[in-house]
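Structure at a glance
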Amino acid sequence: MNATVRDRTHQDLSPCVNLLAQVHEHDGYPVNWPAAPDTWLTPPALLHAWVAELNGTLAGHIGLSRNDPGDAAPTLWSARTGTSPDATAVISRLFVAPSARGHHLGAALMARATAQARSSGLHPVLDVAASDTAAAALYERLGWHHLGTVTQQWTPTQTVTVHCYAGP
């Protein structure tokens, strides 16, 4: 199998949305399907995004963003290290096609985003829904450190427990 990670282009957005729909149906990620998935994949704080391809077919996605006030991991990292939350970059929007799993695409995407954060002088952090045990297991296998678990209000009627991690 030939796997590659490359910069996401504008032409990748529609295939990424289709892939995200497959992941949502299979895994329930994202927890809440966004009204505008292409906008969800391109949040205002986005610094960079990449896609993974397996044998020339789009198979995964990851983003790296500046922290937003609602992100818990930068705040926990800041409290633990005594640095500003602005010294972090948030890894987000990671997903891999169910049919492409087992080829280490998630790890490759994480490595690319982590390297970009570090080369920008930022410490990588992330939040993950507590219900997403497969993602948490990936982060822990990759040496990420659990910072804590918090409860967040995602909608007026939805409270979600998230685990916060910092890169090694």
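Before reading further, recall that the structure is shown in the block above.
In what follows, the accompanying structure is described. The structure displayed is predicted, hence computed values, not measured ones.

A few words on the overall build of the protein. Each helix and strand counted, the protein has five helices and seven strands in total. Here the C-alpha atoms of the protein give a radius of gyration of 15 Å, agreeing with the 15 Å that 2.2 N^0.38 yields for 168 residues. By its C-alpha atoms, the protein is 45 × 40 × 30 Å across when sized along the principal axes. With 168 residues in all, the protein has 45% of them scored as buried. The long-range share in the protein, meaning contacts at least 24 apart out of those at least 6 apart in sequence, stands at 64%. Carbon and sulfur atoms provide 53% of the accessible area of the protein, an area that totals close to 8300 Å². In the protein, 9 positive and 12 negative side-chain charges are present, and the distance between their average locations comes to 6 Å.

Mapped onto the fold, N67 is located in the loop between β3 (57-66) and α3 (72-81). Of the polar contacts made by the side chain of N67, one reaches the backbone oxygen of P85; its length is 2.7 Å. Leave out the neighbours within four places in its chain, and N67 touches P74, P85, D86, T88 and V90.

Before going further, it helps to examine the sheet that holds strand β5 (residues 123-129). Taken together, seven strands build an open sheet; the order of strands is β1-β2-β3-β4-β5-β7-β6 and the sheet is mixed. Of all strands in the sheet, those bounded by a partner on one side alone are β1 (3-7) and β6 (145-155). Across the sheet, the mean angle from the axis of one strand to that of its neighbour is 30 degrees, orientation sign disregarded. Relative to strand β7 (residues 158-166), β5 runs antiparallel, the two sharing five bridges. Its bridge partner being in β7, L126 is matched across the sheet by Y165. Against the sheet, α3 touches β4 (88-96), β5, β6 and β7, its axis set at about 140 degrees to β6.

Across five bridges, the pairing between β1 and strand β2 (residues 46-54) is antiparallel. Across the sheet, R6 pairs through a bridge with V51, a residue of β2.

Here we take up the pattern of salt bridges. This structure, assessed with the given rule, holds three salt bridges. Residue R6 is joined to E53 by a salt bridge in which the shortest nitrogen-to-oxygen separation is 3.0 Å. With a gap of 47 residues between them, R6 in strand β1 and E53 in strand β2 connect regions that are remote in the sequence. The buried category is assigned to E53, whose relative accessible area is 17%. Among the salt bridges present, the one from D27 reaches R101, with a minimum N-O distance of 2.4 Å. Of this pair, D27 sits in helix α1 (residues 13-27) while R101 sits in the loop between β4 and α4 (105-119), and the two are 74 residues apart along the sequence. The class of R101 is partly exposed, set by a relative accessible area of 36%.

About the criteria used
- For every chain, the first residue of the written sequence is number 1, and numbering continues from 1 along that sequence.
- Local features in this predicted model are restricted to residues of pLDDT 70 or higher, and side-chain atom pairs are both shown and tallied only at a pLDDT of 80 or more, whereas totals for entire chains, interfaces and linings draw on every residue.
- To obtain the side-chain values, all non-hydrogen atoms of the structure were used and water was disregarded.
- For the purposes of this entry, the term helix denotes a DSSP run of H or I that reaches at least four residues, the term strand denotes a run of E that reaches at least two, and both are numbered from the N terminus.
- Computation of the radius of gyration draws on C-alpha atoms alone. For the globule rule, the value is 2.2 Å times the number of residues to the power 0.38.
- Relative accessible area decides the class of each residue, using a 1.4 Å probe on protein chains only: under 20% of the type maximum gives buried, over 50% gives exposed, and in between gives partly exposed.
- Throughout, a residue-residue contact means that at least one pair of heavy atoms, one from each residue, lies within 4.5 Å.
- Residue exposure ignores everything except the shown protein chains as possible cover, and the areas themselves are Shrake-Rupley values with a 1.4 Å probe.
- Positive charge is attributed to Lys and Arg, negative charge to Asp and Glu, and no charge count is given to His or to the chain ends.
- Charged groups are reduced to one reference atom each: NZ for lysine, CZ for arginine, CG for aspartic acid, CD for glutamic acid.
- Here a polar contact means two N or O atoms within 3.5 Å. Within protein one must be a hydrogen donor candidate and the other an acceptor candidate, and residues neighboring in sequence count only if both atoms are side-chain atoms.
- Here, strands pair whenever DSSP counts at least two bridges between them.
- Helix axes are fitted to C-alpha atoms over the stretch in contact, other axes to C-alpha atoms as well, and angles between N-to-C directions run from 0 to 180 degrees.
- The term salt bridge refers to a side-chain nitrogen of Lys or Arg lying within 4 Å of a carboxyl oxygen of Asp or Glu.

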